[in-house]
Amino acid sequence: MRLVLKIVGSVVLLTIVVVALAVTIVPRFLDRIYYRGPATAHFDGERFANPDNDADTQQIQPAGGGRASFFWRYFTGSDGRPAWPSSVAVRPIAPPARVEGERMVVTWVGHASVLIQTRGLNILTDPVWAEKAGPLGAGPRRVAEPGIAFDALPKIDLVLVSHDHYDHLDKATLGRLWRRDRPRIVTSLGNDSVIGQTGATATALDWGQRVAIKPGVSVSVTRNHHWGSRWFSDRNRALWSSFVVTLPGGNVFFAGDTGMGDGRWPVEAAALGPIRLALIPIGAFRFVDGQMESGSHIGPVDAVEVYRRLGAAHAIPIHWGTFRLSFEGYDTPPKLLAAAMRCTGQSGFAPVAIGRPVEVGGYVKPVTGTPMPRAALLKCLDTAAVRALR
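Reading guide: rules and limits
Residues numbered from 1 in each chain as written. Predicted model: local features only at pLDDT ≥ 70, side-chain atom pairs only at ≥ 80, totals over all residues. Heavy atoms only, no water. Helix = DSSP H or I, 4+ residues; strand = E, 2+ residues; numbered from the N terminus. Buried < 20%, exposed > 50% of the residue type's maximum accessible area, 1.4 Å probe, protein only. Contact = heavy atoms within 4.5 Å. Areas by Shrake-Rupley, 256 points an atom, 1.4 Å probe, with all protein chains shown as cover. Polar contact = N/O pair within 3.5 Å; in protein donor to acceptor, adjacent residues only side chain to side chain. Patch = residues over 30% accessible without salt bridge, like charges linked within 9 Å, V, L, I, M, F, W, Y side chains within 5 Å. Salt bridge = Lys/Arg side-chain N within 4 Å of Asp/Glu carboxyl O. Axes fitted to C-alpha atoms, helices over the stretch in contact; angles between N-to-C directions. Parallel < 35°, antiparallel > 145°, perpendicular 65-115°, else oblique. Left-handed = near helix turned anticlockwise from the far one by under 90°. Nonpolar A, V, L, I, M, F, W, Y, C, P; charged D, E, K, R; others polar. Pairing = 2+ DSSP bridges. pLDDT = per-residue confidence, 0-100. Lys, Arg positive; Asp, Glu negative; His and termini not counted.

All right, on to the overall build of the chain then. Across its full length, the chain holds nine helices and 13 strands. Put simply, the chain has 390 residues, and 53% of those count as buried. Across the chain, contacts joining residues at least 24 apart in sequence account for 71% of those joining residues at least 6 apart. When the accessible surface of the chain is split by element, carbon and sulfur atoms take 60% of a total near 17000 Å².

For the rest of this paragraph, the subject is the environment of S220. Along the polypeptide, S220 turns up in strand β8 (residues 217-222). Sequence-distant contacts of S220, that is, excluding residues within four places in its chain, are made with Q209, R210, S242, F243, V244 and L272. Side-chain polar atoms of S220 contact the side chain of R210, separated by 3.0 Å.

With that out of the way, let us pick up a nonpolar patch on the surface. Together, L136, W231 and F232 line one region of the surface with nonpolar side chains, adding up to about 420 Å² of accessible area. A relative accessible area of 72% means that F232 is categorised as exposed.

On to the pattern of salt bridges. Inspection of the entire model under this criterion finds 17 salt bridges. One salt bridge connects D262 with R223, and the closest N-O pair in it is separated by 3.2 Å. A residue pair is termed long-range when its members are at least 10 positions apart, and D262 in the loop between β10 (251-254) and α5 (265-270) and R223 in the loop between β8 and β9 (242-246) qualify at 39 residues. Using a relative accessible area of 24% as the deciding quantity, one classes D262 as partly exposed. Judged by relative accessible area, which is 10%, R223 ranks as buried.

Interhelical geometry of helix α6 (residues 300-310) versus helix α7 (residues 332-344) gives an angle of 50° and a closest axis separation of 8 Å. Compared by their axis directions, α6 and α7 come out oblique. Regarding α6 and α7, the two cross each other, and that crossing is right-handed. Facing P300, V304 and Y307 of α6, the residues of α7 in contact are P333, L336, L337, A340, M341 and T344. For the contact of α6 with α7, the per-class residue count stands at eight nonpolar, one polar and no charged.

Summarising burial for β8: six of the six residues are buried, a large majority. Here β8 shows no split at all, with V217, V219 and V221 on one side and S218, S220 and T222 on the other all buried. Bridging between strand β7 (residues 210-214) and β8 involves four bridges; their strand directions are antiparallel. In the sheet register, K214 faces β8, and the bridge partner there is V217. Between the end of β7 and the start of β8, which pair antiparallel, lie two residues, with G216 showing a positive phi angle near 85°. With five bridges connecting them, β8 and β9 associate as antiparallel partners. The partner of T222 across the bridge, within β9, is S242.

For α6, the tally of buried residues reaches ten of eleven residues, placing the bulk of the element in the interior. Among the residues of α6, those classed as buried are P300, V301, D302, A303, V304, E305, V306, Y307, R308 and L310. The inward-facing, buried residues of α6 abut β10, α5, β11 (275-281), β12 (314-318), α7 and α8 (374-380). G311 sits one or two positions beyond α6 and adopts a positive phi of about 65°.

The next thing to look at is the confidence of the model for the chain. Predicted coordinates in areas of low pLDDT are best not read in detail. Per-residue confidence for the chain gives a mean pLDDT of 90, with 87% of residues at or over 70. Segment residues 15-29: pLDDT under 50, and three contacts once partners within four positions in sequence are set aside and those in other chains are kept.

On to the side chain of D170, then. Summarising the element assignment, D170 is placed in the loop between β4 (158-161) and α3 (171-181). Despite its burial, D170 remains without a salt bridge, the nearest opposite charge being carried by R230 at 6.2 Å. At 2.5 Å, the side chain of D170 forms a polar contact with the side chain of T173. Apart from residues lying up to four places away in sequence, D170 is in contact with P127, V128, W129 and A130.

Bringing the environment of L239 into the picture now. Mapped onto the elements of the fold, L239 is located in the loop between β8 and β9. Judged by its relative accessible area of 0%, L239 falls in the buried class. Considering only alpha carbons, one finds L239 and H42, 197 residues apart in sequence, at a separation of 9.1 Å. L239 has contacts with H42, F48, S162, H163, S188, L189, N191, D206 and W207, leaving out every residue within four places of it along the chain.

Written out as structure tokens, the structure is:
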């Protein structure tokens, strides 16, 4: 009996020691230093921040309970969210090898992954071919297969990586692209450290900086409103961004992943030149019934205003219908987008099918009309059809 008590006591003591060590060591182990540099208006020497206020990106807005409760209900499916399809049929059409001159052909691969072909360049945004968006094989499973099989991708020349979240930065995909094509990878500060773990080399820039790709073509890293993390305690060690690809005949704007924030970042991007095509997120915005945005993600209500402020000739909605990241129904984002576009009287911003190359017309200055205040837009959307969208 005395021996048993001694063994039990030793086990308890060892457990206490292990837990104590874990509490002090594990958070530091999980932390990462992705970037070192001088302090700026959005970097305090250790972590990045949104200069237009970080409060709305600090936490998920769950329907009751805290973050732990939210994740428990999310992963157990007990949160009352509407059902999503387990899979969505994708009928891809192989994209061309190259598109020369002013022609522009765009293929939505899924989520924030888009292939843009123009001026002899093949440009890929936030490439994710993973089955799940999360660490260690966990995370939301994709319901739509990539719109282009990886082996059917044409040779990629330029890759834009907006931030380090798993549904936007997939190391396995980036490693495969690097080994196959050696593309130019452009990202924002600190993400090059994560990308470098694949053996790839990336050019990391701060907001407002630009890199030349070839004569007449450059990439500017521009501000948006989001946050970054790959573990538990490495929050905002790397910067998040949008991008403007400067091209003859009109630029391409890729919003990355963003909330509305102060709403001035689309105007800042538009100041770099006329935007022929904008890629704007519309999904992962609803965590309670009726919610129209979350701090980190714009929904269609704000997306149509972003489109207007960009002055873009054409736009494609992204960041919906691939990975389930929030509560809204599978097709709520595009239906709500269509309703918001009708209310605002705009045109040129509509969904495309995954895997179907579309021809994007040249830049023509849009007729933006009178801006609609957000309150007026919400009033216009207060219909039985919109209220029925979950």
